[in-house]
Amino acid sequence: MRSRYQGWRTYLATNQEAHRTEHLLEVVDLGDVVDGHFASCVVGHRKPSPEYYAEVARRVGGDAAHLVFWDDNRDNVEAAQKAGWTSFRHATVRHFRRVMTAG
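All figures in this text were calculated on a predicted structure; none of them were measured in a lab. (Residues numbered from 1 in each chain as written. Predicted model: local features only at pLDDT ≥ 70, side-chain atom pairs only at ≥ 80, totals over all residues. Heavy atoms only, no water.)

Visitor: What am I meant to see in unusual backbone geometry here?
Guide: Only a minority of non-glycine residues have a phi that is not negative, and only a minority of peptide bonds are not trans. The omega torsion of the bond from Lys 47 to Pro 48 falls at 10°, within 30 degrees of zero and hence cis. Position of Pro 48 among the secondary structure elements: in the loop between α2 (40–43) and α3 (50–60). Of note in the backbone geometry, Asp 29 takes a positive phi value of approximately 70° without being a glycine. (Helix = DSSP H or I, 4+ residues; strand = E, 2+ residues; numbered from the N terminus.)

Visitor: Looking at this model, I keep getting lost on the nonpolar core. Mind explaining?
Guide: Among soluble globular proteins, nonpolar side chains are generally buried collectively. Ranked by size, the top nonpolar core spans 14 residues in total, and within it Phe 38, Tyr 52, Tyr 53, Val 56, Phe 69 and Trp 85 carry the most contacts. Elements represented by at least two residues in this core include exactly α3 and α4 (74–82). Ranked by residues supplied to this core, first place goes to α3 with five residues. Discounting residues that sit within four places of it in the chain, Tyr 53 has contacts with Lys 47, Pro 48, Phe 69, Asn 76, Ala 79, Ala 80, Ala 83 and Trp 85. (Core = buried A, V, L, I, M, F, W, Y, C linked by side-chain atoms within 4.5 Å. Buried < 20%, exposed > 50% of the residue type's maximum accessible area, 1.4 Å probe, protein only. Contact = heavy atoms within 4.5 Å.)

Visitor: Honestly, the packing of aromatic side chains in this entry has me stumped. Any pointers?
Guide: One pair of aromatic rings is described through two measures. These are the centre distance and the angle between the planes. As enumerated under the stated definition, the model contains seven aromatic pairs in all. Measuring from ring centre to ring centre gives 4.8 Å for Trp 70 and Phe 88, while their planes differ by 25°; the resulting arrangement is stacked. Placement of the pair is Trp 70 in strand β3 (residues 68–71) and Phe 88 in strand β4 (residues 86–89), with a sequence separation of 18 residues. Assessed through its relative accessible area of 18%, Trp 70 is described here as buried. Taken together, Tyr 52, Tyr 53, Phe 69 and Trp 85 form an aromatic cluster joined through their ring pairs. (Phe/Tyr/Trp six-rings, centres within 6.5 Å; stacked < 30°, edge-to-face > 60°.)

This is the structure we're talking about:
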């Protein structure tokens, strides 16, 4: 599977407030599997606003077409697609692995 261990940077994109984001990163241990986060409380915009995706793309740098986005919310996925990101609706881990290992 393509992963952060193969040169992919991985980020948490969430609409959580600061304390909940900290909980996800430190207590749930998502901080062990992501390179950083783009919580709406830090970005200044919430998904699915176009401003959220524009600001995240600016912070990551590079071409928006190279950003791969997964979310369980259809509106968020569609907004990311409109921003030029490659986007998928998360359904199951099996689906995620199948998409991410496709060559």
